[in-house]
Structure formats: structure tokens, C-alpha cells
Amino acid sequence: IDVKLNSLFRVVGWIFLAVGAFLGALPAGILAERIGRRWTTIIIGIPYLISWALLALAKNVGMLYTGRFFAGIATGASCVVAPMFISGKKFYHK
């Protein structure tokens, strides 16, 4: 992408990430309880893949913002589900 982003475009990109994180965190706990923590963790990989593809193949600023939004959704959901998943594991020391 040959666009030079000024500070406003950079701030807006971070706002999309934060809004995505908020919207991804809200349903993540409910989804983890309904289908299980393991499957929710696997499903969270889908928005990560979408975000990486959009960010890597971005041709304009809109694609960058959309990629940031999907990265936020995945990050917010991960912050809810990962601690639940880890707390459900039993670690034994011999």
C-alpha cells in the first residue's frame, strides 16, 4: 500500500481494534459455555486468519481498518476464553 498514513488514520485504526475487542469479548463467554471452551478457542482462529489476510493483502485504508477490526474481535474473544480454557486444565506435578 502506497498511502502514507497521518496520525489521524493511525488513531482511527487503533479505535477499530478497540471496538472489535469489545464486540468480540461480549459473546465469547456465552459461546464458550454453550459449545465448549476448546471449540470456542478453535473458532477464534477464524477472525485471526481473516485479519491477517486483510492486513497482508491490503490495497487501501479500508482494508487495513477492516483487518484491524477482525483482529480486535479475535483478541477480545481470546482474552475472555483463554483464561477459562487454561483454568479448566489440570496440571499434575510428580
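It should be emphasised that the depicted structure is a prediction, and the values quoted were computed from it without experimental measurement.

Draft legend 1. Representation of the confidence of the model for the chain in the model. Model confidence for the chain is summarised by a mean pLDDT of 88, while 89% of its residues fall at 70 or above. Per-residue pLDDT, averaged within each element of the chain, yields its smallest value for helix H1 (residues 7–35) (89) and its largest for helix H3 (residues 45–56) (96).

Draft legend 2. Local environment of the pattern of salt bridges. Counted by the stated rule, this structure contains one salt bridge. In this structure, Arg-37 and Glu-33 form a salt bridge, with 3.3 Å as the shortest nitrogen-oxygen distance. For Glu-33, a relative accessible area of 54% translates into the label exposed.

Draft legend 3. Expanded view of helix H4 (residues 61–87). Here H4 spans 39 Å end to end across 27 residues, near enough to the 39 Å set by a 1.5 Å rise per residue. Its maximal kink placed at Ser-78, H4 deviates by approximately 30°. Of all the residues in H4, the buried ones are Val-61, Leu-64, Tyr-65, Gly-67, Ala-71, Gly-72, Ala-74, Gly-76, Ala-77, Val-81 and Met-84. On its buried face, H4 is in contact with H1, helix H2 (37–43) and H3. A distance of 3.2 Å separates the backbone nitrogen of Gly-62 from a side-chain oxygen at the start of H4, and that oxygen is part of Asn-60.

Rules used in this analysis
Residues numbered from 1 in each chain as written. Predicted model: local features only at pLDDT ≥ 70, side-chain atom pairs only at ≥ 80, totals over all residues. Heavy atoms only, no water. pLDDT = per-residue confidence, 0-100. Helix = DSSP H or I, 4+ residues; strand = E, 2+ residues; numbered from the N terminus. Salt bridge = Lys/Arg side-chain N within 4 Å of Asp/Glu carboxyl O. Buried < 20%, exposed > 50% of the residue type's maximum accessible area, 1.4 Å probe, protein only. Expected span 1.5 Å × (residues − 1). Bend = angle between axes of the 7 residues up to and from the residue. Contact = heavy atoms within 4.5 Å. Polar contact = N/O pair within 3.5 Å; in protein donor to acceptor, adjacent residues only side chain to side chain.

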